[in-house]
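So you can see what is in the structure, the chains are spelled out below.
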Amino acid sequence: MKNQFLEAGQIVNTHGVQGEVKIVPWCDSPEFLLQLDTLYLDGAPVKVSAARVHKGNVLAALEGVADVNAAMALKGKTVSIDRSGVVLPEGRHFIADLLGLEVLDAGSGEKLGVVADVLTPPAHEVYVVKGEHEYMIPAVDEFLAETNVEGGYIKVDGRMATSLPGVYAAGDCTGQPLQLAKAVGQGQTAAHFALGLG
């Protein structure tokens, strides 16, 4: 059962004296929150009068919050959104919907584990999969064969190897169990020798 309301950020401070709040977004980008005209605080809907992005955060004027004292009372509150008010681009999913999905080897059908966490570094998401071994799988087409949230699974290249010629991943270098740090070290060593530095 999918949660109707999803946590999307936190009010961390006030901004100015007119009652604006500063929200640290927990979404792909701060611009994501700008498309919403209603946010939820403690489960209650709050209309957004105006919002803009400032230094990676969202500055928002909320209905009923008219001064800095009212805004200060909201500091530390978690901001939620109603999933029914959001249309995600094709191929995108809410992180909350990915957590707990089974991860299967696309070739053999073997269960590798379940999505235990989703890391969000700048380049792309990384799925942390826990099972007999722990895997960190980049959420890119080269590794993901199929994502079926309704079916409860994600199919991946179980070798963690890419299908791109000349592009290598941890599975190409180390095999099972994945030792990403070892693969990185081997890659650095190979690069040094290739450049005549080793």
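It should be noted that the structure appears before, not after, this text.
Residues numbered from 1 in each chain as written. Predicted model: local features only at pLDDT ≥ 70, side-chain atom pairs only at ≥ 80, totals over all residues. Heavy atoms only, no water.

> Help me understand empty space enclosed by the protein, please; the structure alone is not making it clear to me.
A probe matching the size of a water molecule, rolled over the atoms, marks out where space remains unfilled. Scanning the model with the defined rule gives 1 cavity of 30 Å³ or more in all. For the largest cavity, the calculated volume is near 30 Å³. For the largest cavity, the full set of lining residues is I23, L33, L39, V48, A51, V58 and A60. For the lining of the largest cavity, the secondary-structure elements that each account for two or more residues are strand 4 (44–54) and strand 5 (57–62). (1 Å grid on protein atoms, 1.4 Å probe; cavity = no way out; pocket = protein on both sides within 12 Å on 5 of 7 lines; lining within 4 Å. Points joined across faces, edges and corners; volume = space filled by probe spheres on them. Helix = DSSP H or I, 4+ residues; strand = E, 2+ residues; numbered from the N terminus.)

> Explanation requested: the pairing of strand 11 (residues 144–148) in the structure shown.
A regular strand places its side chains on the two faces of the sheet in alternate fashion. One ladder, built from 4 bridges, connects strand 11 with strand 12 (residues 153–156); its direction is antiparallel. Bridge pairing in strand 12 places N148 opposite Y153. Hairpin geometry of strand 11 and strand 12 is characterised by an intervening segment of 4 residues between the two adjacent antiparallel strands and by a positive phi of about 85° at G152. (Pairing = 2+ DSSP bridges.)

> Would you mind showing me how to read the packing of aromatic side chains here?
Pairs of aromatic rings are described using the distance from one ring centre to the other and the angle between the two planes. This structure, assessed with the given rule, holds 1 aromatic pair. Pairing F5 with Y40 gives two aromatic rings, centres 4.7 Å apart and planes at 55°, and the pair type is tilted. A residue pair is termed long-range when its members are at least 10 positions apart, and F5 in strand 1 (residues 5–15) and Y40 in strand 3 (residues 38–41) qualify at 35 residues. For Y40, a relative accessible area of 14% gives the class buried. (Phe/Tyr/Trp six-rings, centres within 6.5 Å; stacked < 30°, edge-to-face > 60°. Buried < 20%, exposed > 50% of the residue type's maximum accessible area, 1.4 Å probe, protein only.)

> Just to check I follow, could you spell out the environment of H15 for this structure?
As for its placement among the helices and strands, H15 is situated in strand 1. Take H15: its relative accessible area is 27%, and that puts it in the partly exposed class. Sequence-wise, H15 and A61 are 46 residues apart; in three dimensions their C-alpha atoms are separated by 9.5 Å. Those residues in contact with H15, other than ones at most four positions away along the chain, are E20, R52 and L59. (Contact = heavy atoms within 4.5 Å.)

> When you look at the side chain of D82 in this model, what are you seeing that I'm missing?
Looking at the secondary structure, you find D82 in strand 6 (residues 78–82). We note that D82 is buried and unpaired, the nearest opposite charge coming from R83 at a distance of 6.7 Å. Reaching out from D82, the side chain makes a polar contact with the side chain of Q4 at a distance of 3.1 Å. Engagement of the side chain of D82 in a polar contact is seen with the side chain of S84, the distance being 2.8 Å. Setting aside anything within four residues of it in sequence, one finds D82 in contact with Q4, F5 and Y40. (Lys, Arg positive; Asp, Glu negative; His and termini not counted. Salt bridge = Lys/Arg side-chain N within 4 Å of Asp/Glu carboxyl O. Polar contact = N/O pair within 3.5 Å; in protein donor to acceptor, adjacent residues only side chain to side chain.)

> Got a minute to help me understand the pattern of salt bridges in this structure?
Oppositely charged side chains are able to pair whenever their charged atoms sit close together. Following the criterion strictly, the structure yields 6 salt bridges and no others. For K130, the salt bridge is made with E134, and the minimal N-O distance between the two is 3.8 Å. Overall, E134 belongs to the partly exposed group, its relative accessible area being 45%.

> I would appreciate a short explanation of the layout of surface pockets in the present structure.
Approximately 400 Å³ is the volume found for the largest pocket. Taken together, 18 residues line the largest pocket, and the ones lying closest to its centre are W26, C27, H93, F94 and I95. Looking at the lining of the largest pocket, the elements with two or more residues in it are strand 1 and helix 3 (95–98). Take the lining of the largest pocket: its biggest share by element is 3 residues, from strand 1. Of the residues in the lining of the largest pocket, the class split is 12 nonpolar, 2 polar and 4 charged. (Nonpolar A, V, L, I, M, F, W, Y, C, P; charged D, E, K, R; others polar.)

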